[in-house]
Amino acid sequence: MEEKKEFKKDQKRKDNKKPFKKAPTKTLDEIIVETKAVVKVTKGGRQRRFSAIVVVGDRKGRVGLGIGKANEVPDAIKKAIQDANKNIIKIPLIDGRTVAHEAIGTAGAAKVIIKPAKAGTGIIAGGSVRAVLELAGVRDIVSKSLGARTKLNMARAALNALQSIKTPEEVARLRGKSVEEILG
């Protein structure tokens, strides 16, 4: 009869392999913005594949956008989630609910304007911009979409706008002033 040995967390194994670790817990939420069929025409006929756009975030200031293409929809979604996890950005939230100042983001012909809002306003945005703002953890914000309405470019423009936001501390440091002077 063989005896089973108990291993403590991060204890080295006798066969010199990596230490035992628990499986990571899933902390990011996902929203599938769009799935669509894309077709490549070749001399042999049409090749049909699927494209997926996914937004991931922890609703606490981290958000990412990813695109995936595959022969089947579930595979395309998996690829998009992996891509989104690689492209996560951190955004500063004021009081954990809104952004510090107005910002404009562009991607292609799409343009998104985001403005801070007072408590209780909610997320006033549409389509893929709403998905990005929700998963970023913004609860009170007003946005306006201008130009082209493609879902991918709207989401990218919203991310660009969020990325361009600076905290009052960053602005004070850049201007060589104190935070009180900046806030008035």
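The coordinates are above.
Per chain, residues are indexed from 1 in the order of the written sequence. Whole-chain, interface and lining totals are the exception, using all residues; otherwise, since this is a predicted model, local features are given only for residues with pLDDT of at least 70 and side-chain atom pairs are given and counted only at 80 or more. The side-chain numbers reported here are obtained from all heavy atoms of the structure, hydrogens and water having been left aside.

Student: I keep staring at the sheet that holds strand β8 (residues 141–147) and nothing clicks. Help me out?
Tutor: Backbone-to-backbone hydrogen bonds join strands into a sheet, with any given pair of strands oriented parallel or antiparallel. What makes two strands pair is DSSP finding at least two bridges between them. Under the DSSP-based scheme used, a helix requires at least four consecutive residues in state H or I and a strand at least two consecutive residues in state E, with every element numbered from the N terminus. Reading across from one edge, β5-β6-β8-β7 is the order of the 4 strands in this open sheet, with mixed pairing throughout. Taken across any chain shown, the strands that pair with only one partner, and hence form the sheet edges, are β5 (103–107) and β7 (123–124). The contact definition used throughout considers only heavy atoms, calling two residues in contact when any of these lie within 4.5 Å. Axis definition: a line fit to C-alpha positions, over the contact stretch in the case of helices; interaxial angles, taken between N-to-C directions, run 0 to 180 degrees. Contacts from helix α3 (residues 151–163) reach β5, β6 (110–116) and β8 within the one sheet, and its direction differs from that of β5 by about 140°.

Student: In this structure, what is going on with helix α1 (residues 73–86)? I would like to understand it.
Tutor: For an α-helix the count is 3.6 residues per turn, leaving residues at separations of three or four pointing the same way. The terminal C-alpha atoms of α1, which comprises 14 residues, lie 20 Å apart, in line with the 20 Å expected from a rise of 1.5 Å per residue. Looking at α1, one finds that the buried residues are Ala-76, Ile-77, Ala-80, Ile-81 and Ala-84. One side of α1 holds all its buried residues, which, seen down the axis, span an arc of 140°. Looking at α1, the residues exposed on the side facing more than 90 degrees away from the buried face are Lys-78, Gln-82 and Lys-86. Looking at the packing, one finds that the buried side of α1 touches β1 (29–42), β2 (45–57), β3 (62–70) and β4 (88–90). Given a helix with a known number of residues, its expected span is that number minus one, times 1.5 Å. Exposure is judged per residue with a 1.4 Å probe applied to protein chains only, and the accessible area is read against the type maximum: over 50% gives exposed, under 20% gives buried, and values in between give partly exposed. Throughout, the arc means that of the directions going from the helix axis to the C-beta atoms.

Student: Is there a simple way to think about a positive patch on the surface in this case?
Tutor: Nonpolar side chains (Val, Leu, Ile, Met, Phe, Trp, Tyr) within 5 Å and like charges within 9 Å form the patches, drawn only from residues with over 30% relative accessible area and no salt bridge. Values of accessible area rely on a 1.4 Å probe in the Shrake-Rupley scheme; residue burial ignores everything except the protein chains shown. Here a salt bridge means any side-chain nitrogen of Lys or Arg lying within 4 Å of a carboxyl oxygen belonging to Asp or Glu. Note on charges: Lys and Arg go in the positive column, Asp and Glu in the negative column, and His and the chain ends are not counted at all. Where a charge sits is defined by one atom per residue type, namely NZ (Lys), CZ (Arg), CG (Asp) or CD (Glu). Judged by side-chain charge, Lys-36, Lys-40, Arg-49, Lys-69 and Lys-79 come together as a positively charged surface patch. Along the chain, the position of Lys-69 falls in strand β3. The class of Lys-69 is partly exposed, set by a relative accessible area of 44%.

Student: Mind showing me how you'd approach the packing of helix α2 (residues 127–136) against α3 here?
Tutor: What describes two packed helices is the angle between their axes and the distance between those same axes. Relative orientation of the contacting elements α2 and α3 amounts to 40°, with a least axis distance of 8 Å. With respect to each other, α2 and α3 are oriented oblique. Crossing of α2 against α3: the hand is right-handed. Each of Ser-128, Val-129, Val-132, Leu-133 and Ala-136 in α2 lies in contact with α3, whose residues at this interface are Lys-151, Met-154, Ala-155, Ala-158, Leu-159 and Leu-162. Oblique is the label for any angle not under 35 degrees, not over 145, and not in the 65 to 115 range, which are roughly parallel, roughly antiparallel and roughly perpendicular in turn. Note: crossing handedness is left-handed where the near helix turns anticlockwise from the far helix by less than a right angle, and right-handed where it turns clockwise.

Student: Is there a simple way to think about the environment of Met-154 in this case?
Tutor: Mapped onto the elements of the fold, Met-154 is located in helix α3. Note: C-alpha distance between Met-154 and Gly-108 (46 residues apart in sequence) is 8.9 Å. The residues touching Met-154, leaving out its near neighbours within four places in the chain, are Ala-110, Val-112, Ser-128, Val-129, Ser-145, Ala-148 and Arg-149.

Student: Got a minute to help me understand the nonpolar core in this structure?
Tutor: For soluble globular proteins, the rule of thumb is that nonpolar side chains tend to be buried together. One finds Val-63, Ile-114, Val-132, Leu-133 and Leu-162 to be the most contacted residues of the largest nonpolar core, which totals 31 residues. Listed by contribution, the elements that provide at least two residues to this core are β2, β3, β5, β6, α2 and α3. With 7 residues, α3 is the largest single contributor of residues to this core. The contacts of Val-63, once residues within four sequence positions are left out, are Val-55, Val-56, Gly-57, Asn-87, Ile-88, Ile-89, Val-132, Leu-135, Ala-136 and Leu-159. Core analysis: the second largest hydrophobic core is formed by 10 residues, Val-54, Val-56, Ala-76 and Ala-84 among them. Definition used in this section: a nonpolar core is a set of buried Ala, Val, Leu, Ile, Met, Phe, Trp, Tyr and Cys residues joined via side-chain atoms within 4.5 Å.

Student: Before we go on, may I ask you to explain the sheet that holds β4 in this structure?
Tutor: Spatial strand order, β1-β2-β3-β4: 4 strands in an open sheet with antiparallel pairing. The sheet terminates laterally at β1 and β4, the two strands that pair on one side only. Across the sheet, the axes of successive neighbouring strands diverge by a mean angle of 15°, strand direction being ignored. Looking at chain direction, β2 and β3 are connected through 8 bridges and run antiparallel. The residue bridging Val-55 from the neighbouring strand is Leu-65, located in β3.

Student: In this structure, what is going on with α3? I would like to understand it.
Tutor: Spanning 13 residues, α3 covers 18 Å between terminal C-alpha atoms, matching the ideal 18 Å at 1.5 Å per step. The complete set of buried residues in α3 reads Asn-153, Met-154, Ala-155, Ala-157, Ala-158, Leu-159, Ala-161 and Leu-162. On its buried face, α3 sits against β3, β4, β5, β6, α2 and β8.

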